[in-house]
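# Tertiary structure, described
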Amino acid sequence: MQSEPSIFTRIINKEIPADVVYEDDKCIVIKDINPRARVHLLIIPKKPIATLFDLKPEDKDLMGHMMLLLPQIAQAQNLDGFKTQIHTGESGGQEVFHIHIHLLGN
Ligand code: AMP
């Protein structure tokens, strides 16, 4: 059974607004709606993978792409350092079941 599109899929499809700071064919980067740092961005793949547990070997390039984007996005935000978080599963504090990397910097 197909689950409901995540809120991030709806943002990617431009069905609901978001503050988009970067977009390419593989992912989108938006400002977190509830920032926990001066700069709090979410790097979100366009492919709707629910959690890290759901990654497949063919997702290796996509995940590598997102990792390489992190320092580029951080530099574009004039950060000389940043933290990353990936919440995984309910017990890992995940609220939106569509993989995303938090980028936090002050
Ligand atoms: P988590 O799944 O625990 O990594 O948390 C999901 C994150 O998405 C939280 O930091 C929320 O503030 C953020 N978030 C939820 N809805 C939106 C939205 N519509 N636009 C931007 N950020 C959102």
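The notes below deal with the structure included here. The structure presented is a predicted model; accordingly, all values stated were derived computationally and were not measured.

Here is what the cut-offs are and how they apply
- Residues numbered from 1 in each chain as written.
- Predicted model: local features only at pLDDT ≥ 70, side-chain atom pairs only at ≥ 80, totals over all residues.
- Heavy atoms only, no water.
- Helix = DSSP H or I, 4+ residues; strand = E, 2+ residues; numbered from the N terminus.
- Contact = heavy atoms within 4.5 Å.
- Near = heavy atom within 4 Å.
- Polar contact = N/O pair within 3.5 Å; in protein donor to acceptor, adjacent residues only side chain to side chain.
- Nonpolar A, V, L, I, M, F, W, Y, C, P; charged D, E, K, R; others polar.
- Expected span 1.5 Å × (residues − 1).
- Bend = angle between axes of the 7 residues up to and from the residue.
- Buried < 20%, exposed > 50% of the residue type's maximum accessible area, 1.4 Å probe, protein only.
- Pairing = 2+ DSSP bridges.

### Overview of the side chain of T9
Mapped onto the elements, T9 comes out in helix α1 (residues 7–12). Apart from residues no more than four positions distant in its own chain, T9 is found in contact with P48 and H98.

### Quick look at the site of the ligand
Taken together, 17 residues lie around the ligand, and D32, G93, E95, H100 and H102 are the ones closest in. Between H87 and the ligand, the recorded distance is 2.8 Å, taken from a side-chain N or O atom to an oxygen atom. Within the backbone of E95, a nitrogen or oxygen atom sits 2.7 Å from an oxygen atom of the ligand. Mapped onto the shell around the ligand, the elements with two or more residues apiece are α1 and β2 (27–31). Ranked by residue count, the leading element in the shell around the ligand is α1, at 3 residues. Within the shell around the ligand, the residues separate by chemical class into 7 nonpolar, 6 polar and 4 charged.

### As for helix α2 (residues 60–76)
Its 17 residues give α2 an end-to-end C-alpha distance of 25 Å, which sits within 8% of 24 Å, the value for a rise of 1.5 Å per residue. Of all the bends in α2, the greatest, near 25 degrees, is centred on L69, and the proline P71 appears no more than four residues after it. Along α2, the positions that sit buried rather than exposed are L62, M63, M66, L69, L70, I73 and A74. Where α2 is buried, its residues contact β1 (20–23), β2, β3 (39–45), β4 (83–85) and β5 (101–105). Phi turns positive one or two residues past the end of α2, at N78, with a value near 65 degrees.

### Quick word on the pairing of β5
β5 sits mainly inside the fold: 5 of its 5 residues count as buried. Residues of β5 alternate between two faces, with I101, L103 and G105 on one and H102 and L104 on the opposite face, all of them buried. Taken together, the 5 bridges between β3 and β5 define a ladder with antiparallel strand orientation. By the bridge assignment, V39 is partnered in β5 with G105. With 3 bridges joining them, β4 and β5 adopt antiparallel strand pairing. Within β5, the residue paired with Q85 across the bridge is H102.

None of the figures reported here should be taken as evidence of function without further support.
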